[in-house]
Amino acid sequence: MTGGIDIHAHWLPADLFGLPPGAPYGPLRDRDGELHLGDVPLSIATRAMSDISAIRTDMAETGIAVRVLSAPPFAFPVAGPAADYVDAFNDSLAAAVADSEGALAGFGLVPLDSAATATTRLETLAAAHGITGVAIPPLLGSESLDSGVLRHVLTECTRLGLAVLVHPMQLSRPEWSHHYLVNLIGNPVETATAVAALLLGGVHEALPGLRICFVHGGGCAPALLGRWDHGWHARHDVRRDSTRPPGEAARELYFDTVTHDRALLDLLVERMGKQSVLCGSDYPFDMAQSDPLTFATTGGLDTDTLTANARAFLGWAP
């Protein structure tokens, strides 16, 4: 294989632009070739999100040999039953992957309304050629990865050998209603919350075979590990559910390179280790790392290491 593996890129076929029932932001709309979420422009060409040929062109231009596609986070089924939508996306994803001659792989969707429904769909994904795992949000209502359906999904993915990609939902808060703070602050905070829940909630220890990646360089987590470690040593309630300090256990997780900041990428490598870092692009969003391999490799990482890490995360043989 010549080129890198991009584990964080998005795709949604146009016939699913209506989004799952109850989706808080939708539907997606094509307006003169530009994609809108409801009435909000996304600064994305519609075909960049929905057209496989556009994705393959971007891969060729950026030296990406394999791209793992997942649904954009506003397509996550977080508002109730959405089995039909999930099945339609997963079937379309499997077909796109099968037609790609190995250039594409996929993270499927999973229903989040019940544990039983999630298990059924995860078992189907585990049997699908080229589908390597599932993409999920870091939060579901008031719960994160240490409880409820999200924890069940992690347990089942471990059992079935599926990788997990955790992507923030860009949840709104009144104080983040301007200057795109819902993304610039909200996304990193959502992700850091999920990392903390996984480590301090004892999920990582309970599921040692879990392969899980947090996008956007883990959000705020790399900068907060020292504070979490201090709290873990100082307070019983912090360490109640875990036996290892979070700064130690975090080195066994995966994080992508979409940090937009060389110093933050350096911090990520320092705190988590090179073995934990994966190449990601966040294609085709305006917050994407437009030349992901160059960004990663000029920061002290090399393509061979990034590829080996990606293969380990995805469960592919060396």
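Quick caveat, the model's predicted, so the values are computed rather than measured.

Caption draft 1: Highlighting helix H14 (residues 303-314). With 12 residues, H14 extends 16 Å from end C-alpha to end C-alpha; this agrees with the ideal 16 Å at 1.5 Å per step. Taken residue by residue, H14 has Leu306, Thr307, Asn309, Ala310, Phe313 and Leu314 as its buried positions. On an axial view of H14, the arc spanned by its buried residues comes to 160°, and they lie on one face. Looking at where H14 begins, the residue whose side-chain oxygen comes 3.2 Å from the main-chain nitrogen of Asp304 is Asp302. In the stretch just after H14, Gly315 is the one whose phi turns positive, near 80°.

Caption draft 2: Local environment of the side chain of Asp6. With respect to the helices and strands, the residue Asp6 is situated in strand E1 (residues 4-10). Here Asp6 falls in the buried class, since its relative accessible area comes to 0%. A distance of 3.1 Å separates a polar side-chain atom of Asp6 from the backbone nitrogen of His8. At 2.5 Å, the side chain of Asp6 forms a polar contact with the side chain of Ser281. When sequence neighbours within four positions are dropped, the list of residues in contact with Asp6 reads Ile64, Val66, Arg67, Val68, Cys279, Gly280 and Ser281.

Parameters at a glance
- Residues numbered from 1 in each chain as written.
- Predicted model: local features only at pLDDT ≥ 70, side-chain atom pairs only at ≥ 80, totals over all residues.
- Heavy atoms only, no water.
- Helix = DSSP H or I, 4+ residues; strand = E, 2+ residues; numbered from the N terminus.
- Expected span 1.5 Å × (residues − 1).
- Buried < 20%, exposed > 50% of the residue type's maximum accessible area, 1.4 Å probe, protein only.
- Arc of directions from axis to C-beta.
- Polar contact = N/O pair within 3.5 Å; in protein donor to acceptor, adjacent residues only side chain to side chain.
- Contact = heavy atoms within 4.5 Å.

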